[in-house]
Amino acid sequence: MSYPYQIKNLEGYHEAYQKSIQDPNTFWGEVAEHFTWHKKWDKVSDWNFKDPSIQWFVGGKLNITENCLDRHLATMGDKPAIIWEPNDPAEEHHILTYKQLHLKVCQFAQVLYNNGVKKGDRVCIYMGMIPELAIAVLACARIGAIHSVIFGGFSAQSIADRLDDAKANFIITCDGAFRGSKDIPLKSVIDDALIGNKNIQRVIVCTRTRTAVSMLQGRDVWWEDEIKNVEAQGIQFVPAEVMDAEDPLFILYTSGSTGKPKGVVHTVAGYMVYTNYTFVNTFNYNPDDLFFCTADIGWITGHSYIVYAPLCAGGTSMMFEGIPTFPDAGRFWDIIDKFKVNILYTAPTAIRSLMGFGLGPVKGHDLSSLKVLGTVGEPINEEAWNWYNEQIGKNKCPIVDTWFQTETGGIMISNMAGVTPGKAGWATYPMPGIELILVDDQGVEITTQDGEGMYRGNLCIKQAWPAAIRTTYGDHERCRTNYFATYNNLYFTGDGAFRNEAGQFRITGRVDDVLNVSGHRIGTAEVENAINMHAGVVESAVVGYPHDIKGQGIYAYVIYTGSHAQDSHGSAEMIRKDILQTVTRIIGPIAKPDKIQFVAGLPKTRSGKIMRRILRKVAEGELNSLGDTSTLLDPAVVDEIVKGVV
Ligand code: WT7
């Protein structure tokens, strides 16, 4: 069995690609025919990058959960929709069939109604990786509430900022979350985030860890009690709210090169069609395949490829609560053998970290159920690619290297398993509908090859695609300036790339002040702001440096003049820890610098701009190629920094 819009071979890809570029409306209109609509669209697309204004399936009416759930009930109600594996292998796994998931989503949708949630309300979800997280997401979509999932590793301060920006009225959380040997007190973090918050009407708390929580009278309710109420009401079905194609589906916050994280907005129809199309075609998904995406639902990968796309395709999605190294580094391989996973989709950082444990944890595992492997989140180095290919794929599974972004909603560049060839370290070909262009810093197309026969430049996209970012919540101008104003009539990705003669792309990484740490995007300005909050810190500058496991590590240069500086018991180490604690408080542990170097001054131009280029070189250990430092206000600063490298 396959899907009507599934590409079968290389010619099929070229054909689909040609058609999608020449006549995108016909192309996407045909794909969209295979979904369930209350009313079909009047116009497939209507867009310009100037405002920007991007609309797909204009005038269409639908609900994404009817596409993910209801439409499968008659033919595959008893098929597993989600298979959930807990953090602790000693605990039982759960299987939710389409029927069961549908019932739970309906019941929780009623819980939302009972608690006053309405279409268009913003609901923040801060939960661990338990089935109730997927249920909460889908229940919001069912009633047309806009979910904003926040990854469980973010701090109270980060949550407070996001709640405020999204003007959220509701929160769904858990008492706590299990992650490896740790137990994260989610509700307590939410309580801290809510100090002074006037907008939140209700906090729904799901039980997971049974850690003690404080439940505020009139504001906080238990998930389980609310479900009991719905059962007492005898409700087993809640009709899906009929949504406009362009109604917002969710907000997902992501970092940029300046200021606070932006709330990327995706809308219902285009996101649904595009994520489903890319899912089926990138992984060559067969409806009976068990698909295991190891991301957290708190990131775009989890939204698109754990929840929406696999369910929309009537597939089976594996959901894992834990981490790759708990109780040992064989955890992924155990899960693959236990459930006979067919497709594994993970991050290069996880592969590198598991490689570090040697072949011991892989031994004794069968892994023969695997057909396709995937990577996402950062460039994959050849060594990790080869290990993945040989040790996990046993040289028989295509590896798809999928490039995309929170803003793009779904996969944009990737080889297609069994259809287009892969190439270690290369994301290769654009998806149908995606027209890429490489430009120089002035926005002029790169038309000449470098010495190695490559076209190198800044990666941009020429035409709108169905899952493109629509706006940044509450601040459309920010969306325009961030993505659509750098180059005329182009969407700028923030990444650099090169293309070979064959038209394949290799992503080289961010060209802006954004870091990619273990596949997570972190703005240097954000980390600097957090460090600067620490008493005694005068100024700081943050850059990335190559890190064996994380891809990029965070290197912070800090000017510190607090009283502790003169402390007799040599407390540079203490101050370092204090700064890490501050960053953890302000952003979360994922943003903690790996290295902190205390400096007396930072290299600045005469106009006061920090010369990051030099700091990057120092952090990368390239001390002999610092370039021209003569334009600096005080070139001596650089010598001092070089001497103090950590
Ligand atoms: C940035 C987007 C969407 C995946 C999760 C991260 C980098 C993503 C690849 C890849 C090289 C990649 C880019 C991109 N990136 N996938 N296959 N090869 N780089 O989503 O947090 O929105 O970050 O991740 O730099 O711009 P995100």
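Keep in mind the model is a prediction, meaning the values are calculated, not measured. (Residues numbered from 1 in each chain as written. Predicted model: local features only at pLDDT ≥ 70, side-chain atom pairs only at ≥ 80, totals over all residues. Heavy atoms only, no water.)

A. Examining the overall build of the protein chain more closely. Along the backbone of the protein chain there are 18 helices and 30 strands. Summarising the internal contacts of the protein chain: among those between residues at least 6 apart in sequence, 70% fall at separations of at least 24. Surface exposure of the protein chain reaches about 24,400 Å², of which carbon and sulfur atoms provide 50%. Taking the average place of the 60 positive charges on the side chains of the protein chain and the average place of its 73 negative ones, the gap between the two points comes to 2 Å. (Helix = DSSP H or I, 4+ residues; strand = E, 2+ residues; numbered from the N terminus. Contact = heavy atoms within 4.5 Å. Areas by Shrake-Rupley, 256 points an atom, 1.4 Å probe, with all protein chains shown as cover. Lys, Arg positive; Asp, Glu negative; His and termini not counted. Charge placed at Lys NZ, Arg CZ, Asp CG, Glu CD.)

B. Main features of the pattern of salt bridges. Across all of its chains, the model carries 35 salt bridges by this definition. Glu91 is the salt-bridge partner of Arg208, the closest N and O atoms lying 3.0 Å from each other. Of the two residues, Arg208 sits in the loop between strand 11 (202–206) and strand 12 (220–222) while Glu91 sits in the loop between strand 4 (80–85) and strand 5 (94–97), which places them 117 residues apart along the sequence. Salt-bridge contacts for Asp513 lead to Arg616; the nearest nitrogen and oxygen are separated by 3.4 Å. Remark: Arg616 occurs in helix 17 (residues 612–619) and Asp513 occurs in the loop between strand 25 (505–510) and strand 26 (514–517); sequence separation between them is 103 residues. Accessibility expressed as a relative area gives 27% for Asp513, which makes it partly exposed. Each of Lys187, Asp191, Arg219 and Asp220 takes part in a single network of salt bridges with overlapping partners. (Salt bridge = Lys/Arg side-chain N within 4 Å of Asp/Glu carboxyl O. Buried < 20%, exposed > 50% of the residue type's maximum accessible area, 1.4 Å probe, protein only.)

C. The arrangement of the domain arrangement of the protein chain in detail. Along its sequence, the protein chain is carved into domain 1 (66–241) and domain 2 (517–643). Between domain 1 and domain 2, the C-alpha centre-to-centre distance is 38 Å. Contact residues are listed per partner, giving six residues for domain 1 and seven residues for domain 2. Both faces considered, domain 1 and domain 2 share a buried interface measuring about 480 Å² in area, 56% of it formed by carbon and sulfur atoms. One can count zero salt bridges joining domain 1 with domain 2. Seen at the junction of domain 1 and domain 2, the total is five residue pairs in polar contact (both at pLDDT 80 or more). Residues of the side of domain 1 that touches domain 2, tallied by class, amount to two nonpolar, four polar and no charged. (Domains from an automatic or database assignment. Buried area = accessible area lost by both parts, 1.4 Å probe. Polar contact = N/O pair within 3.5 Å; in protein donor to acceptor, adjacent residues only side chain to side chain. Nonpolar A, V, L, I, M, F, W, Y, C, P; charged D, E, K, R; others polar.)

D. Looking closely at the packing of helix 5 (residues 131–143) against helix 10 (residues 300–312). At their nearest, the axes of helix 5 and helix 10 sit 10 Å apart, and the two run at 65° to each other. Every pair of crossing elements has a handedness; the one defined by helix 5 and helix 10 is right-handed. Side by side, helix 5 and helix 10 meet where Ala134, Val137, Leu138 and Ala141 of the first sit next to Val307, Tyr308 and Leu311 of the second. Looking at the contact of helix 5 with helix 10 residue by residue, the class counts come to seven nonpolar, no polar and no charged. (Axes fitted to C-alpha atoms, helices over the stretch in contact; angles between N-to-C directions. Left-handed = near helix turned anticlockwise from the far one by under 90°.)

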